[in-house]
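# Examination of the molecular architecture
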Amino acid sequence: MDTILQLIHKEKTRQQQTIRLIASENYVSESILTALGSFLTNKYSEGYALNRYYEGQEYIDAIELQAIQDAKTLFGAEYVNVQAYSGSPANLAVYLATLKPGDTLLGLDLSSGGHLTHGSKVSISGKWFNAISYGLHPDTMRIDYEQLEQRAHEHSPKVIISGLSAYPREIDFERIGAIAHSVGALHLADISHISGLVATGEHPHPFPHADIMTTTTHKILRGPRGALIMTNTPTLAKKIDKAVFPGIQGGPHMNNVAGIAIALQEALTPEYTDYTKQVKANTQALAEALMQKGYDLVTGGSDNHLVLVDLRSKNINGDIFSKQLMRAHIETNKNAIPFDTLGTPQKPNGIRLGTPAVTTLGMQELEMRQIAHYIDQVYQAGDSMETLNQIKTEVIEFMNQFKL
Ligand SMILES: *Cc1c(COP(=O)(O)O)cnc(C)c1O
(Lines give C-alpha, C1' and ligand atoms only; values in the text may rest on other atoms or scores of the structure.)
Protein backbone atom coordinates (compact mmCIF):
# COMPACT_ATOMS: atom_id res chain seq x y z
CA MET A 1 0.00 0.00 0.00
CA ASP A 2 1.20 3.51 -0.78
CA THR A 3 2.20 5.79 2.03
CA ILE A 4 0.57 9.22 2.13
CA LEU A 5 3.75 10.82 0.81
CA GLN A 6 3.77 8.36 -2.09
CA LEU A 7 0.15 9.23 -2.83
CA ILE A 8 1.02 12.93 -2.83
CA HIS A 9 3.80 12.24 -5.28
CA LYS A 10 1.45 10.28 -7.52
CA GLU A 11 -1.06 13.11 -7.45
CA LYS A 12 1.67 15.52 -8.56
CA THR A 13 2.51 13.29 -11.52
CA ARG A 14 -1.20 12.95 -12.32
CA GLN A 15 -1.57 16.74 -12.34
CA GLN A 16 1.53 17.10 -14.55
CA GLN A 17 0.06 14.66 -17.07
CA THR A 18 -3.50 16.00 -17.16
CA ILE A 19 -5.08 18.93 -19.00
CA ARG A 20 -6.88 20.79 -16.25
CA LEU A 21 -10.07 22.43 -17.54
CA ILE A 22 -11.91 22.65 -14.22
CA ALA A 23 -12.95 26.30 -14.08
CA SER A 24 -12.48 26.59 -10.30
CA GLU A 25 -8.97 25.10 -10.23
CA ASN A 26 -5.50 26.52 -10.72
CA TYR A 27 -1.84 25.99 -9.75
CA VAL A 28 -0.12 27.93 -6.98
CA SER A 29 3.46 29.15 -7.14
CA GLU A 30 6.41 27.49 -5.43
CA SER A 31 6.49 30.25 -2.76
CA ILE A 32 2.85 29.62 -1.91
CA LEU A 33 3.54 25.89 -1.51
CA THR A 34 6.40 26.82 0.82
CA ALA A 35 4.08 29.00 2.92
CA LEU A 36 1.49 26.22 3.12
CA GLY A 37 4.04 23.69 4.32
CA SER A 38 5.69 26.06 6.79
CA PHE A 39 5.98 26.26 10.58
CA LEU A 40 3.01 28.65 10.56
CA THR A 41 0.79 25.58 10.69
CA ASN A 42 2.02 25.03 14.27
CA LYS A 43 0.57 28.27 15.61
CA TYR A 44 -2.73 29.27 17.24
CA SER A 45 -3.72 32.90 16.55
CA GLU A 46 -7.33 33.37 17.66
CA GLY A 47 -8.35 37.00 17.36
CA TYR A 48 -7.11 39.60 14.90
CA ALA A 49 -3.72 41.27 14.35
CA LEU A 50 -2.60 43.21 17.45
CA ASN A 51 -5.52 41.78 19.45
CA ARG A 52 -4.98 38.05 20.02
CA TYR A 53 -5.82 35.50 22.68
CA TYR A 54 -2.45 33.72 22.49
CA GLU A 55 1.09 35.01 22.87
CA GLY A 56 3.85 34.86 20.29
CA GLN A 57 2.15 36.68 17.42
CA GLU A 58 4.69 39.23 16.18
CA TYR A 59 5.36 37.56 12.82
CA ILE A 60 1.82 36.23 12.48
CA ASP A 61 0.45 39.76 12.91
CA ALA A 62 2.81 41.13 10.26
CA ILE A 63 1.68 38.43 7.82
CA GLU A 64 -2.03 39.06 8.43
CA LEU A 65 -1.63 42.84 8.14
CA GLN A 66 0.29 42.44 4.89
CA ALA A 67 -2.44 40.18 3.44
CA ILE A 68 -5.11 42.72 4.42
CA GLN A 69 -3.14 45.63 2.94
CA ASP A 70 -2.60 43.89 -0.38
CA ALA A 71 -6.24 42.79 -0.63
CA LYS A 72 -7.32 46.40 0.00
CA THR A 73 -5.07 47.62 -2.82
CA LEU A 74 -6.03 44.86 -5.24
CA PHE A 75 -9.80 45.16 -4.76
CA GLY A 76 -10.24 48.79 -3.71
CA ALA A 77 -11.73 47.73 -0.39
CA GLU A 78 -11.46 49.58 2.91
CA TYR A 79 -12.03 46.58 5.19
CA VAL A 80 -10.87 43.05 4.55
CA ASN A 81 -11.12 39.84 6.57
CA VAL A 82 -8.61 37.21 5.44
CA GLN A 83 -9.39 34.47 7.97
CA ALA A 84 -12.34 32.54 6.49
CA TYR A 85 -11.27 28.95 5.91
CA SER A 86 -12.86 28.84 2.46
CA GLY A 87 -15.59 30.34 0.29
CA SER A 88 -18.52 28.57 1.94
CA PRO A 89 -17.61 29.64 5.52
CA ALA A 90 -16.99 33.17 4.18
CA ASN A 91 -20.55 33.35 2.86
CA LEU A 92 -21.89 31.79 6.05
CA ALA A 93 -20.07 34.46 8.07
CA VAL A 94 -21.71 37.15 5.94
CA TYR A 95 -25.13 35.61 6.63
CA LEU A 96 -24.38 35.42 10.34
CA ALA A 97 -23.38 39.09 10.24
CA THR A 98 -26.44 40.30 8.32
CA LEU A 99 -29.34 37.87 8.82
CA LYS A 100 -31.31 36.06 11.50
CA PRO A 101 -32.55 32.49 10.98
CA GLY A 102 -35.71 32.63 8.86
CA ASP A 103 -34.80 35.92 7.15
CA THR A 104 -35.13 36.08 3.40
CA LEU A 105 -32.21 35.97 0.99
CA LEU A 106 -32.38 36.06 -2.81
CA GLY A 107 -29.71 34.37 -4.91
CA LEU A 108 -29.05 32.99 -8.38
CA ASP A 109 -30.51 29.51 -8.72
CA LEU A 110 -27.97 26.64 -8.68
CA SER A 111 -29.13 25.28 -12.04
CA SER A 112 -28.75 28.77 -13.54
CA GLY A 113 -25.08 28.94 -12.54
CA GLY A 114 -25.32 30.06 -8.90
CA HIS A 115 -23.52 28.43 -5.96
CA LEU A 116 -24.82 26.05 -3.27
CA THR A 117 -24.20 28.71 -0.62
CA HIS A 118 -26.53 31.16 -2.39
CA GLY A 119 -29.65 29.53 -0.98
CA SER A 120 -29.71 25.95 -2.23
CA LYS A 121 -32.04 23.72 -0.20
CA VAL A 122 -29.23 21.27 0.60
CA SER A 123 -27.04 24.06 2.07
CA ILE A 124 -27.35 25.80 5.42
CA SER A 125 -28.10 28.93 3.36
CA GLY A 126 -31.34 27.29 2.21
CA LYS A 127 -32.12 25.39 5.41
CA TRP A 128 -31.78 28.14 8.00
CA PHE A 129 -32.91 31.06 5.86
CA ASN A 130 -35.92 31.67 3.66
CA ALA A 131 -34.07 31.33 0.38
CA ILE A 132 -35.70 32.61 -2.80
CA SER A 133 -33.98 32.41 -6.16
CA TYR A 134 -33.81 34.25 -9.45
CA GLY A 135 -32.78 32.67 -12.72
CA LEU A 136 -32.07 33.18 -16.38
CA HIS A 137 -34.25 34.41 -19.22
CA PRO A 138 -35.20 31.38 -21.35
CA ASP A 139 -34.58 33.23 -24.65
CA THR A 140 -31.16 34.66 -23.87
CA MET A 141 -29.94 32.30 -21.12
CA ARG A 142 -28.70 35.49 -19.40
CA ILE A 143 -29.67 36.63 -15.92
CA ASP A 144 -33.29 37.71 -15.93
CA TYR A 145 -32.94 41.06 -14.17
CA GLU A 146 -36.65 41.80 -14.51
CA GLN A 147 -37.51 38.60 -12.67
CA LEU A 148 -34.88 39.48 -10.07
CA GLU A 149 -36.45 42.90 -9.58
CA GLN A 150 -39.95 41.45 -9.38
CA ARG A 151 -38.93 38.83 -6.79
CA ALA A 152 -37.07 41.45 -4.78
CA HIS A 153 -40.21 43.59 -4.58
CA GLU A 154 -42.42 40.61 -3.86
CA HIS A 155 -40.30 39.05 -1.08
CA SER A 156 -38.35 42.01 0.40
CA PRO A 157 -35.14 40.01 1.00
CA LYS A 158 -32.57 41.28 3.48
CA VAL A 159 -29.71 40.17 1.26
CA ILE A 160 -29.47 39.80 -2.52
CA ILE A 161 -26.55 37.72 -3.75
CA SER A 162 -24.87 38.13 -7.09
CA GLY A 163 -22.13 35.83 -8.31
CA LEU A 164 -21.59 32.69 -10.30
CA SER A 165 -20.05 29.27 -10.44
CA ALA A 166 -21.22 28.29 -13.89
CA TYR A 167 -22.45 31.35 -15.77
CA PRO A 168 -20.36 32.34 -18.79
CA ARG A 169 -21.41 35.99 -19.07
CA GLU A 170 -20.77 39.32 -17.38
CA ILE A 171 -22.84 40.20 -14.33
CA ASP A 172 -24.44 43.64 -14.12
CA PHE A 173 -23.50 44.43 -10.51
CA GLU A 174 -24.73 48.00 -10.89
CA ARG A 175 -28.21 46.86 -11.81
CA ILE A 176 -28.38 44.27 -9.02
CA GLY A 177 -27.09 46.85 -6.52
CA ALA A 178 -29.78 49.32 -7.59
CA ILE A 179 -32.49 46.67 -7.20
CA ALA A 180 -31.16 45.62 -3.80
CA HIS A 181 -31.00 49.16 -2.50
CA SER A 182 -34.48 49.99 -3.84
CA VAL A 183 -35.95 47.32 -1.55
CA GLY A 184 -33.64 48.02 1.40
CA ALA A 185 -31.58 44.85 0.90
CA LEU A 186 -27.83 44.46 1.19
CA HIS A 187 -26.05 43.39 -1.98
CA LEU A 188 -23.49 40.61 -1.49
CA ALA A 189 -21.29 40.08 -4.56
CA ASP A 190 -19.63 36.68 -4.40
CA ILE A 191 -16.88 37.01 -7.00
CA SER A 192 -15.15 33.69 -6.22
CA HIS A 193 -14.92 32.63 -9.85
CA ILE A 194 -14.08 35.99 -11.39
CA SER A 195 -12.12 37.83 -8.69
CA GLY A 196 -8.96 37.95 -10.82
CA LEU A 197 -10.91 39.49 -13.70
CA VAL A 198 -12.50 42.01 -11.35
CA ALA A 199 -9.14 42.93 -9.79
CA THR A 200 -7.52 43.66 -13.15
CA GLY A 201 -10.47 45.46 -14.76
CA GLU A 202 -11.38 42.54 -17.05
CA HIS A 203 -14.84 42.36 -15.47
CA PRO A 204 -16.93 45.29 -14.09
CA HIS A 205 -16.28 45.86 -10.39
CA PRO A 206 -18.97 45.22 -7.76
CA PHE A 207 -17.95 48.28 -5.73
CA PRO A 208 -19.63 50.71 -5.13
CA HIS A 209 -22.75 48.71 -6.13
CA ALA A 210 -22.20 45.92 -3.61
CA ASP A 211 -22.15 46.33 0.17
CA ILE A 212 -20.08 43.21 0.74
CA MET A 213 -17.82 41.24 -1.56
CA THR A 214 -16.58 37.69 -0.93
CA THR A 215 -14.13 35.65 -2.95
CA THR A 216 -12.34 32.38 -2.65
CA THR A 217 -8.58 32.73 -3.02
CA HIS A 218 -7.86 29.42 -4.78
CA LYS A 219 -9.65 29.81 -8.10
CA ILE A 220 -8.60 32.39 -10.69
CA LEU A 221 -6.84 34.33 -7.90
CA ARG A 222 -4.29 31.51 -7.87
CA GLY A 223 -3.71 31.32 -4.12
CA PRO A 224 -4.15 28.60 -1.52
CA ARG A 225 -7.60 27.52 -0.34
CA GLY A 226 -9.23 30.32 1.61
CA ALA A 227 -11.41 33.39 1.19
CA LEU A 228 -11.58 37.17 1.52
CA ILE A 229 -14.55 39.15 2.82
CA MET A 230 -14.49 42.82 1.87
CA THR A 231 -16.62 45.88 2.52
CA ASN A 232 -16.40 49.66 2.52
CA THR A 233 -18.96 50.04 5.31
CA PRO A 234 -17.33 50.27 8.78
CA THR A 235 -20.38 48.94 10.66
CA LEU A 236 -20.55 45.90 8.40
CA ALA A 237 -16.80 45.34 8.76
CA LYS A 238 -17.14 45.01 12.55
CA LYS A 239 -20.04 42.57 12.24
CA ILE A 240 -18.17 40.49 9.67
CA ASP A 241 -15.04 40.21 11.80
CA LYS A 242 -17.13 39.07 14.76
CA ALA A 243 -19.04 36.62 12.59
CA VAL A 244 -15.83 34.97 11.30
CA PHE A 245 -14.27 34.83 14.77
CA PRO A 246 -15.71 33.93 17.21
CA GLY A 247 -18.98 33.52 15.26
CA ILE A 248 -18.21 30.47 13.18
CA GLN A 249 -14.48 29.85 13.41
CA GLY A 250 -11.71 29.44 15.95
CA GLY A 251 -8.05 29.98 15.15
CA PRO A 252 -7.16 31.10 11.62
CA HIS A 253 -5.01 28.85 9.40
CA MET A 254 -2.04 31.19 9.25
CA ASN A 255 -0.09 29.07 6.78
CA ASN A 256 -2.99 29.64 4.38
CA VAL A 257 -3.18 33.35 5.24
CA ALA A 258 0.54 33.65 4.43
CA GLY A 259 -0.08 31.87 1.13
CA ILE A 260 -2.96 34.26 0.44
CA ALA A 261 -0.65 37.22 1.14
CA ILE A 262 1.82 35.90 -1.44
CA ALA A 263 -0.97 35.27 -3.99
CA LEU A 264 -2.20 38.84 -3.52
CA GLN A 265 1.31 40.21 -4.08
CA GLU A 266 1.56 38.12 -7.24
CA ALA A 267 -1.83 39.41 -8.37
CA LEU A 268 -0.64 43.01 -7.99
CA THR A 269 2.05 42.54 -10.68
CA PRO A 270 1.65 43.49 -14.37
CA GLU A 271 2.21 39.80 -15.24
CA TYR A 272 -1.01 38.89 -13.46
CA THR A 273 -2.94 41.48 -15.49
CA ASP A 274 -1.54 39.91 -18.65
CA TYR A 275 -2.55 36.53 -17.26
CA THR A 276 -6.21 37.52 -16.78
CA LYS A 277 -6.33 39.01 -20.30
CA GLN A 278 -4.95 35.74 -21.65
CA VAL A 279 -7.50 33.73 -19.64
CA LYS A 280 -10.26 35.59 -21.48
CA ALA A 281 -8.54 35.30 -24.86
CA ASN A 282 -8.04 31.57 -24.30
CA THR A 283 -11.69 31.09 -23.35
CA GLN A 284 -12.72 32.84 -26.57
CA ALA A 285 -10.38 30.63 -28.59
CA LEU A 286 -11.61 27.45 -26.90
CA ALA A 287 -15.25 28.51 -27.40
CA GLU A 288 -14.76 29.27 -31.09
CA ALA A 289 -12.88 26.04 -31.75
CA LEU A 290 -15.59 23.97 -30.02
CA MET A 291 -18.41 25.72 -31.87
CA GLN A 292 -16.62 25.15 -35.19
CA LYS A 293 -16.60 21.46 -34.35
CA GLY A 294 -20.37 21.57 -33.81
CA TYR A 295 -20.63 21.86 -30.02
CA ASP A 296 -23.42 24.01 -28.58
CA LEU A 297 -22.35 26.47 -25.90
CA VAL A 298 -24.84 27.98 -23.47
CA THR A 299 -25.34 31.64 -24.60
CA GLY A 300 -23.20 30.85 -27.65
CA GLY A 301 -19.93 31.87 -26.04
CA SER A 302 -18.36 33.50 -23.01
CA ASP A 303 -17.36 36.87 -21.53
CA ASN A 304 -15.25 35.37 -18.77
CA HIS A 305 -13.07 32.35 -18.01
CA LEU A 306 -15.55 29.51 -18.60
CA VAL A 307 -17.86 27.90 -21.13
CA LEU A 308 -20.78 25.58 -20.60
CA VAL A 309 -21.04 22.89 -23.26
CA ASP A 310 -24.62 21.77 -23.91
CA LEU A 311 -24.36 18.11 -24.92
CA ARG A 312 -28.00 17.47 -25.72
CA SER A 313 -27.42 17.58 -29.49
CA LYS A 314 -24.48 15.17 -29.03
CA ASN A 315 -26.47 12.36 -27.51
CA ILE A 316 -24.11 11.89 -24.56
CA ASN A 317 -24.59 13.12 -21.01
CA GLY A 318 -22.08 15.16 -19.01
CA ASP A 319 -21.45 12.33 -16.57
CA ILE A 320 -20.33 9.89 -19.25
CA PHE A 321 -18.49 12.50 -21.32
CA SER A 322 -16.48 13.86 -18.40
CA LYS A 323 -15.47 10.29 -17.49
CA GLN A 324 -14.44 9.54 -21.09
CA LEU A 325 -12.41 12.76 -21.16
CA MET A 326 -10.73 11.77 -17.90
CA ARG A 327 -9.64 8.46 -19.48
CA ALA A 328 -7.75 10.60 -21.99
CA HIS A 329 -6.33 12.75 -19.14
CA ILE A 330 -8.59 15.74 -19.75
CA GLU A 331 -10.06 16.87 -16.45
CA THR A 332 -13.48 18.58 -16.52
CA ASN A 333 -16.70 18.47 -14.52
CA LYS A 334 -20.25 17.58 -15.42
CA ASN A 335 -22.66 20.48 -15.11
CA ALA A 336 -26.39 21.19 -15.31
CA ILE A 337 -27.69 23.01 -18.38
CA PRO A 338 -30.23 25.76 -17.58
CA PHE A 339 -33.87 24.82 -18.35
CA ASP A 340 -32.85 21.22 -19.10
CA THR A 341 -35.69 19.13 -17.69
CA LEU A 342 -34.21 15.75 -18.67
CA GLY A 343 -30.86 15.98 -16.91
CA THR A 344 -30.41 15.12 -13.21
CA PRO A 345 -27.73 16.35 -10.79
CA GLN A 346 -25.92 13.00 -11.20
CA LYS A 347 -26.45 12.86 -14.96
CA PRO A 348 -26.68 16.44 -16.21
CA ASN A 349 -26.42 17.21 -19.91
CA GLY A 350 -23.46 19.55 -19.85
CA ILE A 351 -19.83 19.96 -18.96
CA ARG A 352 -18.11 23.09 -17.69
CA LEU A 353 -14.71 24.07 -19.07
CA GLY A 354 -12.46 26.85 -17.76
CA THR A 355 -9.08 28.21 -18.78
CA PRO A 356 -7.50 29.68 -15.58
CA ALA A 357 -5.30 26.62 -14.94
CA VAL A 358 -4.05 25.97 -18.48
CA THR A 359 -3.33 29.69 -18.87
CA THR A 360 -1.14 29.59 -15.75
CA LEU A 361 0.93 26.94 -17.53
CA GLY A 362 1.55 29.39 -20.38
CA MET A 363 -0.91 28.00 -22.90
CA GLN A 364 -2.30 30.35 -25.54
CA GLU A 365 -4.84 30.31 -28.38
CA LEU A 366 -2.95 27.68 -30.37
CA GLU A 367 -3.09 25.25 -27.46
CA MET A 368 -6.81 25.98 -26.96
CA ARG A 369 -7.48 24.80 -30.52
CA GLN A 370 -5.41 21.70 -29.82
CA ILE A 371 -7.42 21.02 -26.64
CA ALA A 372 -10.72 21.43 -28.55
CA HIS A 373 -9.35 18.89 -31.03
CA TYR A 374 -8.56 16.41 -28.22
CA ILE A 375 -12.01 16.90 -26.71
CA ASP A 376 -13.66 16.18 -30.05
CA GLN A 377 -11.43 13.14 -30.59
CA VAL A 378 -12.60 11.76 -27.25
CA TYR A 379 -16.20 12.30 -28.33
CA GLN A 380 -15.57 10.54 -31.65
CA ALA A 381 -13.81 7.68 -29.83
CA GLY A 382 -16.98 6.72 -27.96
CA ASP A 383 -16.02 3.91 -25.61
CA SER A 384 -13.17 2.53 -27.70
CA MET A 385 -10.52 2.07 -25.02
CA GLU A 386 -7.85 1.72 -27.65
CA THR A 387 -8.56 5.13 -29.18
CA LEU A 388 -8.93 6.74 -25.75
CA ASN A 389 -5.53 5.32 -24.79
CA GLN A 390 -3.99 6.75 -27.95
CA ILE A 391 -5.39 10.19 -27.16
CA LYS A 392 -4.14 9.85 -23.59
CA THR A 393 -0.60 9.20 -24.82
CA GLU A 394 -0.81 12.30 -27.03
CA VAL A 395 -2.17 14.38 -24.15
CA ILE A 396 0.65 13.31 -21.82
CA GLU A 397 3.17 14.25 -24.50
CA PHE A 398 1.40 17.59 -25.03
CA MET A 399 1.52 18.27 -21.27
CA ASN A 400 5.27 17.54 -21.23
CA GLN A 401 5.84 20.94 -22.84
CA PHE A 402 4.41 22.64 -19.74
CA LYS A 403 5.86 22.45 -16.23
CA LEU A 404 3.72 22.85 -13.14
C1 LIG B 1 -16.28 28.03 -5.12
C2 LIG B 1 -17.34 28.96 -4.69
C3 LIG B 1 -17.69 29.10 -3.35
C4 LIG B 1 -17.26 28.16 -2.25
O5 LIG B 1 -15.96 27.96 -2.08
P6 LIG B 1 -15.39 26.72 -1.23
O7 LIG B 1 -14.01 27.20 -1.01
O8 LIG B 1 -15.50 25.54 -2.13
O9 LIG B 1 -16.17 26.59 0.00
C10 LIG B 1 -18.62 30.08 -3.01
N11 LIG B 1 -19.17 30.85 -3.95
C12 LIG B 1 -18.89 30.71 -5.25
C13 LIG B 1 -19.55 31.61 -6.24
C14 LIG B 1 -17.97 29.76 -5.67
O15 LIG B 1 -17.72 29.62 -6.98
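So, here's what we can say about the structure. None of the values given here were measured: they were computed from a predicted structure.

Tallying secondary structure elements over the protein gives 15 helices and 15 strands in all. For 404 residues, the compact-globule formula gives about 22 Å, and the C-alpha radius of gyration of the protein, at 21 Å, lands near that figure. Residue burial in the protein is summarised as follows: out of 404 residues, 57% are buried. Within the protein, counting contacts between residues at least 6 apart in sequence, those at least 24 apart form 72% of the total. Carbon and sulfur atoms make up 52% of the accessible area of the protein, which totals about 17500 Å². Across the protein, the 34 positively charged side chains and the 42 negatively charged ones have centroids separated by 5 Å.

A few words on the site of the ligand. The ligand sits among 14 residues. The nearest are S86, S88, S165, D190 and K219. Here an oxygen atom of the ligand sits 2.4 Å away from a polar atom, N or O, in the side chain of S86. Summarising the interface, the protein chains cover 86% of the accessible area of the ligand, which totals 390 Å² for the free molecule. Residue classes in the shell around the ligand are distributed as 1 nonpolar, 11 polar and 2 charged.

For the structure shown, the criterion picks out 16 salt bridges. Close ionic contact of E202 with K280 constitutes a salt bridge, the shortest N to O distance being 3.5 Å. Of this pair, E202 sits in the loop between α8 (195-199) and β9 (212-216) while K280 is found in helix α11 (residues 270-292), placing the two residues 78 residues apart along the sequence. For the salt bridge of D319 with K347, the shortest nitrogen-to-oxygen distance reads 3.8 Å. Taken together, the residues D319 in helix α12 (residues 318-327) and K347 in the loop between β14 (333-335) and β15 (350-354) connect sequence positions 28 residues apart. A single network of salt bridges, built from pairs that share partners, joins E11, R14, R20, E25 and E331.

Procedures and definitions
Residues numbered from 1 in each chain as written. Predicted model: local features only at pLDDT ≥ 70, side-chain atom pairs only at ≥ 80, totals over all residues. Heavy atoms only, no water. Helix = DSSP H or I, 4+ residues; strand = E, 2+ residues; numbered from the N terminus. Rg over C-alpha atoms; globule rule 2.2 N^0.38 Å. Buried < 20%, exposed > 50% of the residue type's maximum accessible area, 1.4 Å probe, protein only. Contact = heavy atoms within 4.5 Å. Areas by Shrake-Rupley, 256 points an atom, 1.4 Å probe, with all protein chains shown as cover. Lys, Arg positive; Asp, Glu negative; His and termini not counted. Charge placed at Lys NZ, Arg CZ, Asp CG, Glu CD. Near = heavy atom within 4 Å. Polar contact = N/O pair within 3.5 Å; in protein donor to acceptor, adjacent residues only side chain to side chain. Nonpolar A, V, L, I, M, F, W, Y, C, P; charged D, E, K, R; others polar. Salt bridge = Lys/Arg side-chain N within 4 Å of Asp/Glu carboxyl O.

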